[in-house]
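Here's the letter readout for the chains.
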Amino acid sequence: MARTAPPETWGHSTVRTACPLDCPDSCTLDITVEQGRIQKIDGGDENPVTRNFICAKVRRFAERVYGDDRVLYPAVRKGPKGQGTFTRVPWDEALDLIAARMSEIKTRHGGEAILPFYYGGSNGLLTQNTNDAELWRRFGTSRLATTVCAAPTGAANLALYGKMPGVVYQDYPHAKLIVLWGVNPSASGIHLIPYVKEAQANGAALVVIDPRTTSLAKKADLHLAVRPGSDLPVALALHRFLFEEGHADAAFLDGHTHGADRLRAAAAPWTIDRAAQEAEIDAADLRRFAELYARSSPALVRCGWGLERNRNGGSAAAAVLALPSVGGKFGVRGGGFSMSNSLAFGLKAAQWIDTPEPATRLVNMNHLGRALTTYTNPPVQMLFVYNCNPLATMPDQNRVLEGLQRDDLFTVVFEQVFTDTARYADVVLPATTFLEQYDIAKGYGPITLQLVRPVIEPCGEARTNAQVFSAIAERLGVGREEEEIDTLLRITARMGKAGADLMQAGSAAPPHDGTPIQFVDVFPLTPDRKVNLFPEEIAGDAPAGLYGYQPDPATGRFPLALISPATEKTISSTLGELRERAAMLHIHPADAAPRGIAQSDAVRVFNQLGELHCPANLTPDIRRGTVAFSKGVWRKNTYNGSTSNALAPDSLTDLGAGACFNDARVQVALLGRH
Ligand code: SF4
């Protein structure tokens, strides 16, 4: 039967692009546009793991693009800080004002009094570490250590393996054992799930290590609901078992590693019983896990970012990543570890940033509150925020708030929507979303590199990062204004074949067909291509030494561990403006009952740093002694304008100077009846 072509609709098209948001999957997107307006956002197939479906978060991204919270014009503050009242001004006036304040502050206090503040709000290669980095370096501002996430795991992976690429999603069905350690793909990285299910259908065993009974934990053969911060002793107990009970791969350790004896010595005190006691899990379950790991091949550990968010996070990641070396799990498809594949294309921003990094003050982003309220040499006089909503995402929220309220602090927020932080700005600049600009999306789960194309015209007067930072640089006499397309061409020209592929085909051919086997196709990127199981260069950083355990910080007053895991609703805090109802504290019924708390009651969660008021959700899906409140919640979604970050200390992880969100120890009390 002859097919009839669909009628031509003027102004209708489907545009292919990619998702650059901070998620491992880096989906290919097919976007339906009608008369210049987004109608539908769906998955494509260029990235093989997207398989034509995407998460619910990005399916509703048009609500951000066209929503009431969108920043459409440059504006300056007209009321008190935090009130969120602004007056529209022309772009030139806003940029002139910013440049004038930067010059004035540099003259009076030095360039280090200016603090750029950014993270992975739009995680593409063009929106960060391009023209912005040239501006900050040339002007001599303070530097930012971007450590809120992935710093401890990154430090461990770099020191042990030089960030060797890991097992990709497509190879999971080959595994006979999959361990999901501190990761919940149902909330972040959903495209892993079909591959895990396929592996299970092929007979693979699944072990989930998570304080919560996540949906995958319910389908696992074994679920270890460890106490937050105790992943290190659990991993060391596995090492001890492998070494002491004859399961260590001596040939692999001799041929491919350094430091096995020191790792063995560090693991020696951690018997199964002792580790199980510390983690508050059943010792028989931990033994079963150790036996399963020892005898399974291919065995695969997916090391997530949940296990790093505490005082022992770096050592825990190192111990988990060391398991396949000690257990001899490499060299087969579906065996080894998965962490971040962000370096699989060998691309680093140093290839396209021309200005050397100056030796100016380095500010750890986890210390933003301290920096704004206590730094004196020089004091922070200007904060320039982009790709980031620190009032919703940084620890010690009350101190961040105190800093943002300072009358003598000049704050610029360059954003897509009026975030919690934007309300405290002196100048707000409208930023394009990834649907209104070019960018380069790099997967760190699958090994992919894709061109992000503008799908619609910029909304209102929104501009790209490339354009705005170069425009400020020109005003300050340290650069030339550049159109975004010129930045894109300049940067892809520095990427070699990958850049040429991107510009010609919209995606780059991945090395090893995107499915490398560890120790067959890829090897450690360390200087001697060996695994360093006890890297001296980081061992001295850890307060208790590498693999040294720092005990739980709970006290009699604050006995409950508070965690803040990622959810299906936001990507970190991105899209938080769309949440309507109050976020809930998840608490086990056995912890709620003695406190007189019933379902949906208002509760007060508190410690020495602050308090959070919200409704309670009683659920057996969180372990006893631990409570959870979603990551990335905005202040409007609690009863008192504080989130779990108001209770999170700004202490740092043992390696990588990362954030210790999950070291918050709290008490919970009834505030009011539902
Ligand atoms: S956030 Fe992740 S799952 Fe969702 S569209 Fe982007 S890459 Fe895909």
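Overview of the structure. (Residues numbered from 1 in each chain as written. Predicted model: local features only at pLDDT ≥ 70, side-chain atom pairs only at ≥ 80, totals over all residues. Heavy atoms only, no water.)

1. What to know about the overall build of the protein chain
How we decide: Only DSSP runs of H or I reaching four residues or more are called helices, and only runs of E reaching two or more are called strands; each is numbered from the N terminus. For a compact globule the rule gives 2.2 Å times the number of residues to the power 0.38, and the radius of gyration it is set against comes from C-alpha atoms. Each residue is assigned to one of three classes by its accessible area relative to the maximum for its type, calculated with a 1.4 Å probe on protein chains only: buried under 20%, partly exposed between the two thresholds, exposed over 50%. In this analysis, two residues are considered to be in contact whenever any of their non-hydrogen atoms come within 4.5 Å of each other. To measure how exposed things are, a 1.4 Å probe is used in the Shrake-Rupley method; for residues, cover is taken only from the protein chains shown.
Looking only at helices and strands, the protein chain has 21 helices and 26 strands in total. At 25 Å, the protein chain has a C-alpha radius of gyration in line with the 26 Å of a compact globule built from 674 residues. By its C-alpha atoms, the protein chain is 70 × 65 × 60 Å across when sized along the principal axes. The proportion of buried residues among the 674 residues of the protein chain is 62%. Put simply, 76% of the contacts in the protein chain that link residues at least 6 apart link residues at least 24 apart. Put simply, the protein chain shows about 24500 Å² of open surface, and 49% of that area lies on carbon and sulfur atoms.

2. A word on the site of the ligand
Going by this rule: Whether a residue is near a molecule or strand is decided by its heavy atoms; if any one of them lies within 4 Å of it, the residue is near. Here the nonpolar group is Ala, Val, Leu, Ile, Met, Phe, Trp, Tyr, Cys and Pro; Asp, Glu, Lys and Arg are the charged ones; every other residue, Gly included, is treated as polar.
C19, C23, D25, S26, C27, I54, C55, V58, H191 and I571 make up every residue found near the ligand. Taken together, the residues of the shell around the ligand break down into seven nonpolar, two polar and one charged.

3. Considerations on helix α13 (residues 313–327)
So the rule is basically this: Every helix has an expected span of 1.5 Å times one less than the residues it contains. Fitting one axis to the seven residues ending at a residue and another to the seven starting there, the bend at that residue is the angle between the two axes.
Along its 15 residues, α13 runs 22 Å from first to last C-alpha, staying within 8% of the 21 Å computed at 1.5 Å per residue. Its maximal kink placed at L321, α13 deviates by approximately 30 degrees, while the proline P324 follows within four residues. The element α13 is extensively covered by neighbouring structure, given that 15 of its 15 residues are classed as buried. Within two residues after α13, G328 carries a phi angle of roughly 65 degrees, on the positive side.

4. Description of the pairing of strand β6 (residues 114–118)
The test is simple: When DSSP finds two or more bridges between a pair of strands, those strands are recorded as paired.
Burial analysis of β6 places five of its five residues in the buried class, which makes it a mostly covered element. Burial of β6 is two-sided: the residues I114, P116 and Y118 facing one way and the residues L115 and F117 facing the other way are all buried. In terms of strand pairing, β6 meets strand β15 (residues 382–386) through five bridges, oriented parallel. Each residue of the ladder has a partner; that of I114, found in β15, is M382.

5. Points about helix α6 (residues 193–201)
Spelled out, the test is: By definition, the arc is the one covered by directions from the helix axis to the C-beta atoms.
Of the positions making up α6, those classed as buried are I193, Y195, V196 and A199. In a view along the axis of α6, the buried residues occupy a sector of 165 degrees, so they form one face of it.

6. Re unusual backbone geometry
The linkage connecting S297 with the following residue, P298, adopts the cis geometry, with an omega of -5 degrees. For P298, the location among the structural elements is in the loop between α12 (283–295) and β12 (299–303). Of note, the bond from N377 into P378 is cis; its omega dihedral lies within 30 degrees of zero at 0 degrees. With respect to the secondary-structure elements, P378 resides in the loop between α14 (368–374) and β15. Even without glycine at this site, N52 takes up a positive phi of about 65 degrees. Within the secondary structure, N52 is located in the loop between β3 (37–43) and α1 (56–59). If you check the backbone angles, Y547 has positive phi at about 70 degrees while not being a glycine. Mapped onto the elements, Y547 comes out in the loop between α20 (536–539) and β21 (560–563).

7. Re the packing of helix α4 (residues 131–139) against helix α17 (residues 465–475)
Angle between the axes and distance between the axes are the two parameters that describe a pair of packed helices. Heads up, the condition is: Where helices are involved, their axes are fitted lines through C-alpha atoms of the stretch in contact, as for all axes, and angles between N-to-C directions lie from 0 to 180°. An angle counts as roughly parallel when it lies under 35 degrees, as roughly antiparallel when it exceeds 145, as roughly perpendicular when it falls between 65 and 115, and as oblique in every other case. Note on convention: the crossing is left-handed when the near helix lies turned anticlockwise from the far helix by less than a right angle, right-handed when the turn is clockwise.
Put simply, α4 and α17 touch, their axes get as near as 8 Å, and they point 25 degrees apart. Regarding the angle of α4 to α17, the classification is roughly parallel. Crossing of α4 against α17: the hand is left-handed. Side by side, α4 and α17 meet where N131, D132, L135 and W136 of the first sit next to A466, F469, S470, I472 and A473 of the second. Taken together, the residues that form the contact of α4 with α17 break down as six nonpolar, two polar and one charged.

8. Details of the state of the cysteines
This is how it is decided: In this description, a disulfide is simply a cysteine sulfur pair whose atoms lie within 2.5 Å.
Across all of its chains, the model carries zero disulfides by this definition. Left unpaired, C303 is separated from the closest cysteine sulfur, that of C149, by 12 Å. Residue classification places C303 among the buried residues on the basis of a relative accessible area of 0%.

9. Comments concerning empty space enclosed by the protein
Selection criterion: A pocket here means an open set of points on a 1 Å grid, computed over the protein atoms alone, that has protein on both sides within 12 Å along at least five of seven lines. A cavity is instead a set of points where a 1.4 Å probe fits but cannot get out; residues with an atom within 4 Å of a point line either one. Grid points are joined across faces, edges and corners, and a volume is the space filled by probe spheres set on the points.
Enumeration according to the criterion identifies two cavities of 30 Å³ or more in this entry. Computed from the structure, the largest cavity encloses a volume of approximately 50 Å³. Residue lining of the largest cavity: G166, V167, V168, Y169, Y172, R302, S338, M339, N341, Y444 and G445, and that is the complete set. Of the residues contributing to the lining of the largest cavity, the split by class is six nonpolar, four polar and one charged. Here the second largest cavity is characterised by a volume of approximately 30 Å³. L126, T127, Q437, Y438, T464, N465, A466 and E484 are the residues that line the second largest cavity. Tallied by class, residues from the lining of the second largest cavity come to three nonpolar, four polar and one charged.

10. What about a nonpolar patch on the surface?
Defined as follows: For patch building, the residue pool is restricted to those with more than 30% relative accessible area and no salt bridge; the joining distance is 9 Å between like charges and 5 Å between nonpolar side chains (Val, Leu, Ile, Met, Phe, Trp, Tyr). Between Lys or Arg on one side and Asp or Glu on the other, a salt bridge is scored when a side-chain nitrogen of the former is within 4 Å of a carboxyl oxygen of the latter.
A grouping of I485, L489 and M503 is seen on the molecular surface, where their side chains present a nonpolar patch of about 230 Å² in accessible area. On the secondary structure map, L489 appears in helix α18 (residues 484–493).

11. A short note on the layout of surface pockets
Approximately 730 Å³ is the volume attributed to the second largest pocket. Lining the second largest pocket are 30 residues; nearest its centre among them are T567, E568, K569, H586 and S630. Broken down by class, the residue content of the lining of the second largest pocket amounts to 11 nonpolar, 10 polar and nine charged.

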